[in-house]
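# Observations on the model geometry
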Amino acid sequence: VQLVESGGGLVQPGGSLRLSCAASGFTFSSYAMSWYRQAPGKERELVASISSAGGTTNYPASVKTRFTISRDNAKNTVYLQMNSLKPEDTAVYYCYARRGSTQTTYWGQGTQVTVSS
């Protein structure tokens, strides 16, 4: 099983990034997918989630108008489009897979996002 994130990097405040998470080794379309982030010295927090078929998404208030999660089950990939980035969005972003019926979960290794001028 692998979840491989990509697309992180350094971006100026107000800029955009698109993260990708490529999944392999499990039935991707059966899993709800999420993006979490963890900043230095802080707990890991949820930033977006999407149901297995993609029909339902959820975001915390801090990112709701700026981030968009989507998935392509044909490509076994989940995305996070991040717009209007702020310095407080700086963190390592992790991809997370969860199958509710079996409570099976997987984590990616993370990708660094740094928002700075």
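What this report covers is the structure whose coordinates are included nearby. Small disclaimer: the values here were computed from a predicted structure and weren't measured.

### Thoughts on the sheet that holds strand β1 (residues 2-6)
In space, the four strands of this open sheet follow the order β1-β3-β8-β7, with antiparallel pairing throughout. Each of the sheet's edge strands pairs with one partner strand only, and the pair in question is β1 and β7 (67-72). Between one strand and the next, the sheet's axes are offset by a mean angle of 15 degrees, whatever the strand orientation. Sheet topology note: the β1/strand β3 (residues 17-24) ladder contains five bridges and is antiparallel. Counterpart to E5 in the pairing with β3 is C21.

### Describing the packing of aromatic side chains
Think of a pair of aromatic rings as described by two things: how far the centres are apart, and how the planes are tilted against each other in angle. With the rule as written, the count across this model stands at eight aromatic pairs. Plain terms: the ring middles of F26 and F28 are 6.5 Å apart, the flat faces sit at 55 degrees to each other, and that makes the pair tilted. Overall, the relative accessible area of 2% leaves F28 in the buried class. An aromatic cluster is defined as three or more aromatic residues linked by ring pairs; in this entry it consists of F26, F28, Y31 and Y106. In this structure, R18 packs its charged tip against the face of Y79, placed 4.0 Å from the ring centre. If you follow R71 out to its NZ or CZ, it ends over the ring of F28, 4.4 Å from the centre.

### Points about the state of the cysteines
Taken as a whole and judged by the stated rule, the model has one disulfide. Between the sulfur atoms of C21 and its disulfide partner C95 the distance amounts to 2.1 Å. Judged by the torsion about the S-S bond (-85 degrees), the C21/C95 disulfide is left-handed. In this pair, C21 is assigned in strand β3 and C95 in strand β9 (residues 91-99), connecting sequence segments 74 residues apart.

Scoring rules and cut-offs
Residues numbered from 1 in each chain as written. Predicted model: local features only at pLDDT ≥ 70, side-chain atom pairs only at ≥ 80, totals over all residues. Heavy atoms only, no water. Pairing = 2+ DSSP bridges. Helix = DSSP H or I, 4+ residues; strand = E, 2+ residues; numbered from the N terminus. Axes fitted to C-alpha atoms, helices over the stretch in contact; angles between N-to-C directions. Phe/Tyr/Trp six-rings, centres within 6.5 Å; stacked < 30°, edge-to-face > 60°. Buried < 20%, exposed > 50% of the residue type's maximum accessible area, 1.4 Å probe, protein only. Lys NZ or Arg CZ within 6 Å of the ring centre and 35° of its normal. Disulfide = S-S within 2.5 Å.

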